[in-house]
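Tertiary structure, described
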Amino acid sequence: MTVTIWVDDWQMQCCGEDFAPGGLVSWSLVEADPEDYADIVGEERAEGIDFHEEHHGREEREPTSLEVLSIAEVHCRYAAPPGSTEKVNCPVPGTAVVLPVDRATGWAKARPDVEFAGYLVTARRVTDPSEDA
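Below, the structure is looked at part by part. (Residues numbered from 1 in each chain as written. Predicted model: local features only at pLDDT ≥ 70, side-chain atom pairs only at ≥ 80, totals over all residues. Heavy atoms only, no water.)

A few words now on unusual backbone geometry. In this model, Asp113 sits at a positive phi of 70°, which is unusual for a non-glycine residue. Structurally, Asp113 is set in the loop between strand S8 (97–101) and strand S9 (115–125). (Helix = DSSP H or I, 4+ residues; strand = E, 2+ residues; numbered from the N terminus.)

Within this structure, the stated rule accounts for one salt bridge. Glu67 is the partner of Arg124 in a salt bridge, and the nearest nitrogen-oxygen pair spans 2.5 Å. You can see Arg124 sitting in strand S9 and its partner Glu67 sitting in strand S5 (residues 64–76), a full 57 residues away along the chain. (Salt bridge = Lys/Arg side-chain N within 4 Å of Asp/Glu carboxyl O.)

Now for the state of the cysteines. Under the defined criterion, the tally for this structure stands at zero disulfides. In this structure Cys76 is a free cysteine whose sulfur lies 10 Å from that of Cys90, the closest cysteine sulfur available. For Cys76, a relative accessible area of 0% puts it in the buried group. Take Cys90: its relative accessible area is 28%, and that puts it in the partly exposed class. (Disulfide = S-S within 2.5 Å. Buried < 20%, exposed > 50% of the residue type's maximum accessible area, 1.4 Å probe, protein only.)

Two elements, strand S2 (residues 24–27) and S5, share four bridges in a ladder whose sense is antiparallel. Opposite Leu24, over in S5, you have Glu67 as the bridge partner. Direction of pairing for S5 relative to S9: antiparallel, over a ladder of ten bridges. Residue pairing in the sheet places Val74 in a bridge with Gly118 of S9. When S5 meets S8, the two strands line up antiparallel, connected through five bridges. Paired with Ile71 across the strands is Val101, a residue of S8. (Pairing = 2+ DSSP bridges.)

With that settled, the discussion passes to the nonpolar core. Among soluble globular proteins, nonpolar side chains are generally buried collectively. Counting residues in each nonpolar core, the largest one holds 17 residues, and the members touching the most others are Ile5, Val7, Phe19, Trp27, Leu66, Tyr119 and Val121. Contributions of two or more residues to this core are made by strand S1 (2–8), S2, S5 and S9. Setting aside its immediate chain neighbours within four residues, Tyr119 contacts Ile5, Trp6, Val7, Met12, Ile71, Ala72, Glu73, Val101, Ala104, Thr105, Gly106 and Trp107. Formed by twelve residues, the second largest nonpolar core is a distinct cluster that contains Ala32, Ala38, Ile49 and Ala117. (Core = buried A, V, L, I, M, F, W, Y, C linked by side-chain atoms within 4.5 Å. Contact = heavy atoms within 4.5 Å.)

This is the structure:
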């Protein structure tokens with residue numbers, strides 16, 4: 001069974017390890033709420049995100065072993081919401097740029113008018129042979 005996982009840019013930059021398609025990772029996964037990603041990747045893509053990878057959660061979660069199948073960088077524009085008096089920038093809906101890549105390092109080449117937000121990763125759960133006994 002394949003799953004789609006969101007990996008935040010800042011989590012990778014802080015303490016993530018590089019990964020690539022065909023590689024194995026062991027991640028703490030938290031069930032994703034599509035609403036959290038709709039402005040970044042669009043509603044349709046957000047509906048397909050199953051989990052987000054979490055390094056800094058308060059809850060200890062058992063890591064899940066996964067084989068990475070594909071990786072896409074996600075870039076979007078950020079701006080203050082219309083009518084906002086706060087100086088907080090948020091993702092601007094409809095500005096996502098999704099680019100397939102062959103490695104995730106936490107850093108991305110700068111793109112015009114958009115900022116790197118994170119990765120969409122397609123992966124397959126890997127079972128431990130001892131679990132089959």
